[in-house]
Amino acid sequence: MSDEYDIYDIFDTAHSCHHPSEEKHVTRVRCRDWVLPVVFVPGVMGSNLVNERRGERWRLDSTWSALGWFFKDAKERNEILNPDETEVDPEGAIPHGLNRSWKTAEGETIPNEALMKARGWGELGSMVYGEFLVWLENWLNLPDDISAADSIPITQLVGLVRDDVSLPEDFDATVNGWLKTLTRYHFPVHACGYNWLQSNADSADALAQRVDAIIDGYRRAGMGCDRVILLTHSMGGLVARYYSEVDGGNASMLGVVHGVMPTNGAAAFYRRMKCGTEGGFFTSHIMGATARETTAVLASAPGPLQLVPTPAYGRHWLQIRRNGQAIRSLPEGDDPYTAIYLEREQWWGMLEPALANPELTGSNGPDREKKVQGEWDKYAELIRNEVKVFHKKMANRFNPNTYLFYSDSPDHMSYGAVIWRGRESGYSRHLWKAAQSRPHYNQYRLAMETDRHGHERVYRYEIGEPEDPGDGTVPSRSSRAGAEHARRTLAVATEHQSAYDNAEARWFVLGAILEMAQQWQ
C-alpha cells in the first residue's frame, strides 16, 4: 500500500442532488459505485522472496534476475530459501503497457507503476505473470472513450461455453450482458504474493488478510465492495481453496478461476526430490537440476511438499520395473504417506535425508548419523502434521462458484506415473559398495537385489520419460480433477509455467469474470 496515494479512492462516481421538503438547501450526495476486485494468486516459486538475514532474493523479474540461480549450489539454496528467514519481496519489477491512468480524488494522476506496485504486482515474478496482468487490467478497465462491444472479439468468448454440446440459443444476449457488466463495475486487478516455502495454510491466512484489506480500502473510499474474484495459477489454487473452504473465505468471494491447478498433487514432485527438476536445461538449472539442489530446499518447505500426490490421486503411480518386468507398484492402498513419503529403508523412498542438509553430504564426522536422523525427523514431522493434515482438510472441497482450465496436451507430456526402469549393471558387490560413496543423485540409483534365482545382483535404475498428457508438470488427471464441482471447465494445450500466455485460457478467464459479475448484485 502506497503512503503517497490512496489507491482505492480513484474511481469516478456519479452524484445526485437531494432537496428534502423540510430543508431549504440542496444536498449533493455521492452515489454508490461498485467495485469488484480481481485478485491474482500465483503458483509455487511465482512470488518474489527475500531472505531477511542475508538480504538475498528469489526474483523472477527477467531472465537476468533468474540467471543468478543457475550457479547456486545446494548449500546456497538451502541457506537463502529458508522458510523461517524469508518473506515476500514487494519490490519486484512492474510491467508496462497499461492503456489508461488513474487520478486521486484531488485530481492528481497516479503513476501506473506506483499504483500497480501498491496493488501487489511487485510481489509476483514479472517475467512469468507481468504480460498477463497488463492484458487483464486493460480488458477489464477499458478507457472511457472505447466501447467494450466494439473492442472485445466476441467469438473469442466462445471458449467459456466450449464444454457445452452446442452454444446456447441466447448466446448473443448472454455476451451482450457480459459487455454491459464490463461497463457497470470497476474491476481493479490486484495480486497477492505469498511465501511459497511455508505451508499453504499459512499462505491462505496471508490471502485472507489481503482480501480483507482490499475490500475495506474500497469501502472507505465510498465504493460498494463486499466480494472479490480470485484468479489462481498452479499451487495458488490450493491456497485459494484452503482460504475459501477451510478458513471460510467464501463469504468474501464471488468465485474463483483456477488455472492448471494440481488438484490432487503432481507426481513430478517426487521426481524432483529424487532426480532434480525436469524440463529444459535453463529451467531445470534455475530451479535445481539435481536431487542435491532440490532436496536441500524442498525437504524443509511444507508448501512445496504439499504438492505430492494425495490419496485421491490414485494408486500405483510409482512403479519399479526390472528387466522389463513390474516388480513393485505403489501405493497399493490409499496411504502414499507411509508407502512412499515416509519410506526410509528402500532406495526408492522419496527423501534421502543426507541431502536435506548439504553439510552432511560427503561428511563422515562422528555425529553425522545423529544429524542425518535429525533431518529425517524434521521431514517426517512435516509429512505427518503439515502435508497429510492439509490434504485431508482439502479433500474434495471447492468453492461453489468455481471455473477451471487445464492442459490435456500430448505435446506436453507429464508424470502421471513415475517409472523406475532397472537393468543389471555388471557391478560386482565390491564395486557396488565403492559406488555408494560417489554421488549419483541425478536420474539413476544403484541397488543390490536378489533375482528370481536367489542370486544377488546390482541393478541400475533410471526414471523414464513422462507418459501422460498434461502441461509438462501437472498431468490432466490431476488438473481436471474436481471438474464435476466447476460451473465451467476448459481444456487447452499449454505448458504449465506459461498457462496464462495461452489465448484461449485468457478469454476463458475474462468470460468467467464477466459471467460471475453478471450474477452479482
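Remember, predicted model here, so these are calculated numbers, not experimental data.

Observations concerning the overall build of the protein chain
Here is step 1: Counting its secondary structure elements, the protein chain contains 17 helices and 20 strands.
Here is step 2: By sequence separation, contacts in the protein chain at least 24 residues apart represent 75% of the contacts at least 6 residues apart.
Here is step 3: If you sum the accessible surface of the protein chain, you get close to 22,600 Å²; carbon and sulfur atoms cover 46% of it.

Describing the pairing of strand E3 (residues 38-41)
Here is step 1: Because side chains alternate across E3, one face comprises the buried residues Val38 and Phe40, and the other comprises Val39 and Val41, equally buried.
Here is step 2: Direction of pairing for E3 relative to strand E9 (residues 189-191): parallel, over a ladder of three bridges. Across the sheet, the residue bridging to Val38 is Val189, located in E9.
Here is step 3: Pairing analysis gives four bridges linking E3 to strand E10 (residues 228-233), with the strands arranged parallel. Paired with Val41 across the strands is Thr232, a residue of E10.

Observations concerning the packing of helix H9 (residues 268-275) against helix H11 (residues 291-298)
Here is step 1: Packing of H9 against H11 leaves a shortest axis separation of 6 Å and a crossing angle of 115 degrees. Of the residues in H11, those touching H9 at Phe269, Arg272, Met273, Lys274 and Cys275 are Ala291, Thr294, Thr295 and Leu298.
Here is step 2: When the residues that make up the contact of H9 with H11 are grouped by side-chain class, the tally is five nonpolar, two polar and two charged.

Some details on the confidence of the model for the protein chain
Here is step 1: Scored by pLDDT, the protein chain comes out at a mean of 88, with 86% of its residues at no less than 70.
Here is step 2: Confidence drops under pLDDT 50 across residues 14-21; counting only partners more than four residues distant or on other chains, this segment forms 23 contacts.
Here is step 3: Scored below 50 in pLDDT, residues 26-31 makes 24 contacts in the model with residues more than four places away or belonging to other chains.

Some remarks on the packing of aromatic side chains
Here is step 1: On inspection of all chains with the given rule, the structure shows 27 aromatic pairs.
Here is step 2: Seen from their ring centres, Phe132 and Trp135 are 6.2 Å apart, and the 20 degrees between their planes marks the pair as stacked. Taken together, the residues Phe132 and Trp135, both in helix H4 (residues 126-140) and three residues apart, mark about one turn of the helix.
Here is step 3: Under the relative-accessibility criterion, Trp135 is labelled buried at 14%.
Here is step 4: Taken together, the ring pairs in this structure connect Phe40, Tyr129, Phe132, Trp135, Trp139, Phe405, Tyr500, Trp507 and Phe508 into an aromatic cluster.
Here is step 5: For the cation-ring pair, Arg322 lies above Tyr459, with the distance from its terminal atom to the ring centre recorded as 4.8 Å.

Considerations on the sheet that holds strand E12 (residues 318-322)
Here is step 1: Taken in spatial order, the five strands line up as E13-E12-E16-E18-E17 in an open sheet, and their pairing is mixed. Every other strand in the sheet has two partners, leaving strand E13 (325-330) and strand E17 (444-450) as the edge strands with one partner each. Taking each pair of neighbouring strands and ignoring which way they run, the sheet shows an average axis angle of 25 degrees.
Here is step 2: Pairing of strand E16 (residues 418-424) with strand E18 (residues 456-463) involves five bridges; the strand directions are antiparallel. Within E18, the residue paired with Trp420 across the bridge is Ile463.
Here is step 3: Sitting on the sheet, H9 touches E12, E16, E17 and E18, and the angle it makes with E16 is about 45 degrees.

Looking at the pattern of salt bridges
Here is step 1: Applying the stated criterion across every chain yields a total of 26 salt bridges.
Here is step 2: A salt bridge links Arg54 to Glu79, with the nearest nitrogen and oxygen atoms 2.9 Å apart. Taken together, the residues Arg54 in the loop between strand E4 (49-51) and strand E5 (57-58) and Glu79 in helix H2 (residues 74-80) connect sequence positions 25 residues apart.
Here is step 3: Of the charged contacts in the structure, one is a salt bridge between Asp501 and Arg506, with a shortest N-O distance of 3.5 Å.

Digging into the nonpolar core
Here is step 1: In this structure, Leu136, Leu140, Trp196, Leu230, Tyr379, Phe405 and Trp420 are the most contacted members of the largest nonpolar core, which totals 140 residues.
Here is step 2: Not counting chain neighbours up to four residues away, the residues in contact with Trp196 comprise Val44, Met45, Gly46, Ser47, Leu49, Trp58, Leu81, Met235, Gly303 and Pro304.

Here's the deal with helix H14 (residues 368-394)
Here is step 1: With 27 residues, H14 should reach 39 Å at 1.5 Å per residue; the first-to-last C-alpha distance of 38 Å fits that figure.
Here is step 2: The sharpest bend along H14 measures roughly 30 degrees and falls at Ile383.
Here is step 3: Buried residues belonging to H14 abut helix H7 (200-220), helix H8 (236-246), H9, helix H12 (302-305) and helix H13 (336-341).

Concerning the side chain of Ser234
Here is step 1: Of note, Ser234 is situated in the loop between E10 and H8.
Here is step 2: According to the relative accessible area criterion, Ser234 is buried, its value standing at 5%.
Here is step 3: Among the polar contacts made by the side chain of Ser234, one reaches the side chain of His496 at a distance of 2.8 Å.
Here is step 4: If sequence neighbours within four positions are ignored, Ser234 has contacts with Gly43, Gly259, Val260, Met261, Pro262 and His496.

Comments concerning the environment of Pro111
Here is step 1: Relative to the helices and strands, Pro111 resides in the loop between strand E8 (109-110) and helix H3 (112-118).
Here is step 2: Accessibility expressed as a relative area gives 41% for Pro111, which makes it partly exposed.
Here is step 3: Taking the C-alpha atoms as reference points, Pro111 and Ser101, 10 residues apart in sequence, are found 7.3 Å from one another.

Details of the environment of Gly472
Here is step 1: You can see Gly472 is positioned in the loop between strand E19 (468-470) and helix H16 (476-479).
Here is step 2: The class of Gly472 is partly exposed, set by a relative accessible area of 25%.
Here is step 3: Linking Gly472 and His412, residues 60 residues apart in sequence, is a C-alpha distance of 4.6 Å.
Here is step 4: The contacts of Gly472, once residues within four sequence positions are left out, are Glu278, His412, Met413 and Ser414.

Looking at a negative patch on the surface
Here is step 1: A cluster of acidic residues, Asp202, Asp205, Asp247, Asp377, Glu381 and Glu386, forms a negative patch on the protein surface.
Here is step 2: With three residues, H14 is the largest single contributor of residues to the negative patch.
Here is step 3: Residue position: Asp205 is located in helix H7.
Here is step 4: Owing to a relative accessible area of 37%, Asp205 belongs among the partly exposed residues under this scheme.

Here is what the cut-offs are and how they apply
- Residues numbered from 1 in each chain as written.
- Predicted model: local features only at pLDDT ≥ 70, side-chain atom pairs only at ≥ 80, totals over all residues.
- Heavy atoms only, no water.
- Helix = DSSP H or I, 4+ residues; strand = E, 2+ residues; numbered from the N terminus.
- Contact = heavy atoms within 4.5 Å.
- Areas by Shrake-Rupley, 256 points an atom, 1.4 Å probe, with all protein chains shown as cover.
- Buried < 20%, exposed > 50% of the residue type's maximum accessible area, 1.4 Å probe, protein only.
- Pairing = 2+ DSSP bridges.
- Axes fitted to C-alpha atoms, helices over the stretch in contact; angles between N-to-C directions.
- Nonpolar A, V, L, I, M, F, W, Y, C, P; charged D, E, K, R; others polar.
- pLDDT = per-residue confidence, 0-100.
- Phe/Tyr/Trp six-rings, centres within 6.5 Å; stacked < 30°, edge-to-face > 60°.
- Lys NZ or Arg CZ within 6 Å of the ring centre and 35° of its normal.
- Salt bridge = Lys/Arg side-chain N within 4 Å of Asp/Glu carboxyl O.
- Core = buried A, V, L, I, M, F, W, Y, C linked by side-chain atoms within 4.5 Å.
- Expected span 1.5 Å × (residues − 1).
- Bend = angle between axes of the 7 residues up to and from the residue.
- Polar contact = N/O pair within 3.5 Å; in protein donor to acceptor, adjacent residues only side chain to side chain.
- Patch = residues over 30% accessible without salt bridge, like charges linked within 9 Å, V, L, I, M, F, W, Y side chains within 5 Å.
- Lys, Arg positive; Asp, Glu negative; His and termini not counted.
- Charge placed at Lys NZ, Arg CZ, Asp CG, Glu CD.

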